[in-house]
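# Coordinate inspection notes
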Amino acid sequence: MRGRLVPLLFLGSGLTLLTFLLVVDHAVDQSGDVMLLFAGAVFTVLGALILARTDGNRVGWVVSVTGLALLASGVAGYFADEGNLIAESLSGALWLSWFFLVGLLVFWFPTGRPLSPRWRWIGWIGFLGEGLSLTYIVSDQICLETSDGGICQVWVDNPIGIPGVPNPEFGELSGLTLALGSGFVLLAAVSLVVRYVRARGVERLQVKWFAFAVVFVIALLVAQETIGNAVGIPEAVGSYVFGLAVLTMPVAVSVSVLRYRLYEIDRIVSRTVSYTVVVVLLVAVYVGGVTWLSSLLPDQSRLVVAATTLAVAALFNPVRRRVQGWVDRRFNRSRYDAQRVMDRFAGSLRDQVDSDEVVGGWVDVVSETMQPAAVGVWLRGKTAS
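Residues numbered from 1 in each chain as written. Predicted model: local features only at pLDDT ≥ 70, side-chain atom pairs only at ≥ 80, totals over all residues. Heavy atoms only, no water.

## Side note on the nonpolar core
When a protein is soluble and globular, its nonpolar side chains tend to lie buried together. Counting 44 residues, the largest nonpolar core has Trp98, Phe210 and Met249 as the members making the most contacts within it. Those elements giving two or more residues to this core turn out to be α2 (31-54), α3 (58-81), α4 (85-108), α5 (120-134), α6 (174-198), α7 (201-231) and α8 (235-259). At 9 residues, α4 tops the list of elements feeding residues into this core. Ignoring sequence-local partners within four residues, the contact set of Trp98 consists of Thr66, Ala69, Leu70, Phe242, Val246 and Met249. Core analysis: the second largest hydrophobic core is formed by 6 residues, Leu21, Leu37, Ala41 and Leu71 among them. (Core = buried A, V, L, I, M, F, W, Y, C linked by side-chain atoms within 4.5 Å. Buried < 20%, exposed > 50% of the residue type's maximum accessible area, 1.4 Å probe, protein only. Helix = DSSP H or I, 4+ residues; strand = E, 2+ residues; numbered from the N terminus. Contact = heavy atoms within 4.5 Å.)

## A closer look at a nonpolar patch on the surface
Side chains of Val279, Val283, Tyr286, Val287 and Val305 sit close together on the surface and give an oily, nonpolar patch of about 390 Å² of accessible area. Among the elements that take part in the nonpolar patch, helix α9 (residues 266-296) stands out by supplying 4 residues, more than any other. The topology assignment puts Val287 in helix α9. For Val287, a relative accessible area of 47% corresponds to the partly exposed category. (Patch = residues over 30% accessible without salt bridge, like charges linked within 9 Å, V, L, I, M, F, W, Y side chains within 5 Å. Areas by Shrake-Rupley, 256 points an atom, 1.4 Å probe, with all protein chains shown as cover. Salt bridge = Lys/Arg side-chain N within 4 Å of Asp/Glu carboxyl O.)

## Concerning the packing of α3 against α4
Close contact between α3 and α4 brings their axes to 8 Å; oriented N to C, the two are set at 160°. Here α3 is positioned roughly antiparallel relative to α4, judged by the angle of their axes. Seen from above, α3 lies across α4 with left-handed handedness. (Axes fitted to C-alpha atoms, helices over the stretch in contact; angles between N-to-C directions. Parallel < 35°, antiparallel > 145°, perpendicular 65-115°, else oblique. Left-handed = near helix turned anticlockwise from the far one by under 90°.)

## Focus on the packing of aromatic side chains
All told, the structure shown has 8 aromatic pairs when counted by the stated rule. Geometrically, the ring pair formed by Tyr78 and Phe79 is edge-to-face, given 5.2 Å between the ring centres and 75° between the ring planes. In this structure Phe79 comes out as partly exposed when scored by relative accessible area, which is 35%. Ring geometry for Trp108 and Phe127: centres 6.1 Å apart, planes at 55°, overall tilted. You can see Trp108 sitting in helix α4 and its partner Phe127 sitting in helix α5, a full 19 residues away along the chain. Overall, Trp108 belongs to the buried group, its relative accessible area being 9%. Through a chain of ring-to-ring contacts, three or more aromatic side chains come together here, namely Trp95, Trp98 and Phe99. (Phe/Tyr/Trp six-rings, centres within 6.5 Å; stacked < 30°, edge-to-face > 60°.)

## A closer look at the environment of Ala307
By the secondary structure assignment, Ala307 is in helix α10 (residues 301-331). Looking at Ala307, the relative accessible area reads 36%, which means it is partly exposed. Once the C-alpha coordinates of Ala307 and Gly289 are considered, the two residues, 18 residues apart in sequence, prove to be 8.9 Å apart.

## Let's talk about the packing of α4 against α5
Contact geometry for α4 and α5: axes closest at 8 Å, N-to-C directions at 170°. On the basis of the axis angle, α4 is roughly antiparallel to α5. Every residue of α5 that contacts α4 at Ala93, Leu96, Ser97, Phe100, Leu101, Leu104, Phe107 and Trp108 is listed here: Arg120, Ile122, Gly123, Gly126, Phe127, Gly129, Glu130, Ser133 and Leu134.

As structure tokens, this is what we get:
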């Protein structure tokens, strides 16, 4: 029960935060905010699926918390705009800690463990930075306005602050926070590149997509801070570029999960996608059928609803089979190919009368679908292999 409760808790919390942001219309003011909102939702859902499948994999935990931190930061930002100073401190803490969470994701992906025991010290830097960023909640002062150079112009007292605790983003410890954050993310990226170089086979393909996304994010951020500031790119464009860069990370993890069977959750996702598409198609058919028939038979509303309902019920299984086949060909290709090989072999049995040819065909099917190291078939009086 516990193994199911945690993913459901993460998923429910993420959907609640997402619903709030959509209702208050706060996170959709700019295109960059839309990207961040969508990235937070994808992170949360994907992390819940990984936790449900792997029973506590670190990657699932950090992906879920990364998404929740992004969404919760938007919720806290909404209340901060209303003048709530406590929400302002929470928003700053969540935003700072989010960068260290992303670094931990880069450091642990895809196994949930460091590259080797020698690389373990990098993770402790991430935890140290995470703790430092959370001191924003109890820092003695909060920055409400900064200059173009990132220097705080307007300070206010934190109502829940502890005297003597500096602000980790703009106070005396800002240099340490920046050094820890940038250094940790770069070291985590280096470990990911080394992991990619050492990996072989499917694992290398899994790492490839995420490594590409991480390099893409770092390159965009560096270009934005150097070339963008020199050229004077508008803030809206910079926000959009940053949101797009963040969105590439959960998309890359999703590709690794779906295309290369990482964590074996492709069956869950394929079934979810299939039934979602089926429901959308049947709802569209139902609404369109009711509207069209009502225009032809305006005085027969009950007959129209009954006829449309029967038509939708009759279409359910055929539509489901076609949609499931389409989804399997894209998200679950290995299972689809194996099923196709077995169907072809079953069809060929109608024309086979020689036992040696049947055994040979069966051995070929097993070898192609399961790829064992060796195959042996025992028959009465002889052995085929």
